[in-house]
Amino acid sequence: MPGVDYYPDRTYVFAFLLSSRLFIKPHALLAQVADTCSLHRSLYPASLSIVSMGTFCRHIVRLISEWTDTFAYDFRDERMMKSLHDITHFCLTFEPEARKDISQILQNLLARLSGLERYEERLKAISVEAANRIRASIPVTDIFEMCPNPTVLALHLTSIELERLRFIGPEEFVQAFAKENATVETSLRDMKRTRNLEAYVQWFNRLSYLVATEVCMQLKKRHRVRLLDYFIDVAKECFNLGNFNSLMAIIAGLNMSPVSRLRRTWAKANVQKFEILEHQMDPTGNFNSYRATLKAAMWRSEGASTDRERVIIPFFSLLVKDLYFLNEGCANRQKSGHVNFDKFWQVAKQITQFLAWKQATSPVDKNSPVVKYLLTNPVFSESALALASFECESPDNNYEKNRSKQLKIELSGAPQIPA
């Protein structure tokens, strides 16, 4: 806790505010800060001078600034806002010169929360439009005609990724762990839902299914070959941009069974280029190749002269997995009962790196028709994809023949529900 003569390092404040929510709810922690302010008020003027009170208030304003800047989503809770009001009122009483800083803090906080609300409304609108398009028609696979340049599509994918990343709060990682830990008291009211993190994971799945749908909807082999080569080129451009999440989603889509079984189609595609990309994302050795490539991208980003060179979008599922195993592999408390701060320092270090990556500038307009297509065009379910694949290339064996018959019965006259 900041005092008259002490203010902790910013990195410590971040690590503490990040990890403390595993032990105490944010609103309860901020209430303790408010109580500390009340305690200092009671010590004035008998034990604390006006100068000391001014110094303490400046330290508290700095703490509030860092808290609202990094963990703005905590303040969607009305209890947080009440404590914030009490604390700022206290600081203005003893340090009137802090008024400008406090006003800026509150303005920035309001802007962040308003931006989050608009983003969540946008996600809802996208979901509704996608659902309406599914009911209105079957998927129309015209991504190549709409955006024939693989580099341009990679830029649009990067724009979507960066918008999704930007709205993930650092606390969502820790709160995701807390939800899975039965020993930690949580509730929907006290624990912010990890909706932005979950929305990002859903985007990865959607992109994979979109890639598979685009390929399997092409009944002519030469069109399927064109789409395979196109997506391989898009994946390569994503790699060059440092967009490893879209790269992996495209690889996953092309490796889905309905696509991978199209042997006669793959025979005409640029398989060698695809295999090179697969090698970069090979899970062998805990993704050694990818981790080496990510390190190189980080070096490039540090010395970048353009916004595009600064882009680093990690393979998100692996980032979450790394944080999960770091959390699970170390106890929250030491044998002495003290908090294992070394563990949380390592978690904070990795998330701090993530915070830097998500600040990259979007390379294209997020409202373009291509982005709308990527976000809302209908995609096939797993069953519908399998049936479309059999229509592209006939079943090769008895298992596939029986599976094809079952799917025709299953999907006959039924709406094609998205994955």
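Here the structure is shown first, and the text comes after it.
Residues numbered from 1 in each chain as written. Predicted model: local features only at pLDDT ≥ 70, side-chain atom pairs only at ≥ 80, totals over all residues. Heavy atoms only, no water.

A.B. asks: What exactly am I supposed to notice about a nonpolar patch on the surface here?
C.D. replies: A contiguous nonpolar surface patch, about 270 Å² in accessible area, is contributed by Tyr12, Phe16 and Trp345. Looking at where Trp345 falls in the secondary structure, it is placed in helix H17 (residues 341–357). (Patch = residues over 30% accessible without salt bridge, like charges linked within 9 Å, V, L, I, M, F, W, Y side chains within 5 Å. Areas by Shrake-Rupley, 256 points an atom, 1.4 Å probe, with all protein chains shown as cover. Salt bridge = Lys/Arg side-chain N within 4 Å of Asp/Glu carboxyl O. Helix = DSSP H or I, 4+ residues; strand = E, 2+ residues; numbered from the N terminus.)

A.B. asks: Looking at this structure, I do not really get helix H18 (residues 369–376). What am I missing?
C.D. replies: Three or four residues apart is the spacing at which side chains of an α-helix point the same way, because the helix has 3.6 residues per turn. H18 sits mainly inside the fold: six of its eight residues count as buried. Listing the buried residues of H18 in full gives Val370, Val371, Tyr373, Leu374, Leu375 and Thr376. (Buried < 20%, exposed > 50% of the residue type's maximum accessible area, 1.4 Å probe, protein only.)

A.B. asks: Looking at this model, I keep getting lost on the side chain of Glu161. Mind explaining?
C.D. replies: Residue position: Glu161 is located in helix H7 (residues 150–166). Arg164 provides the closest opposite charge to the buried, unpaired Glu161, separated from it by 7.9 Å. Here the side chain of Glu161 touches Trp203 through a polar contact of 2.9 Å, side chain to side chain. Ignoring sequence-local partners within four residues, the contact set of Glu161 consists of Tyr200, Trp203, Asn243, Asn245, Ser246 and Ile313. (Lys, Arg positive; Asp, Glu negative; His and termini not counted. Polar contact = N/O pair within 3.5 Å; in protein donor to acceptor, adjacent residues only side chain to side chain. Contact = heavy atoms within 4.5 Å.)

A.B. asks: What is the right way to look at helix H20 (residues 398–411) in this model?
C.D. replies: With 14 residues, H20 extends 20 Å from end C-alpha to end C-alpha; this agrees with the ideal 20 Å at 1.5 Å per step. When H20 is considered as a whole, its buried residues turn out to be Glu400, Ser404, Leu407 and Leu411. Buried residues of H20 fall within an arc of 65° about the axis and therefore sit on the same side. In this structure, H20 carries Asn398, Lys405 and Ile409 as exposed residues pointing more than 90 degrees from its buried face. Measuring from the side-chain oxygen of the N-cap residue of H20 to the backbone nitrogen of Tyr399 gives 3.2 Å; that N-cap residue is Asn397. (Expected span 1.5 Å × (residues − 1). Arc of directions from axis to C-beta.)

Spatial relationships are all this shows, so hold off on functional conclusions.
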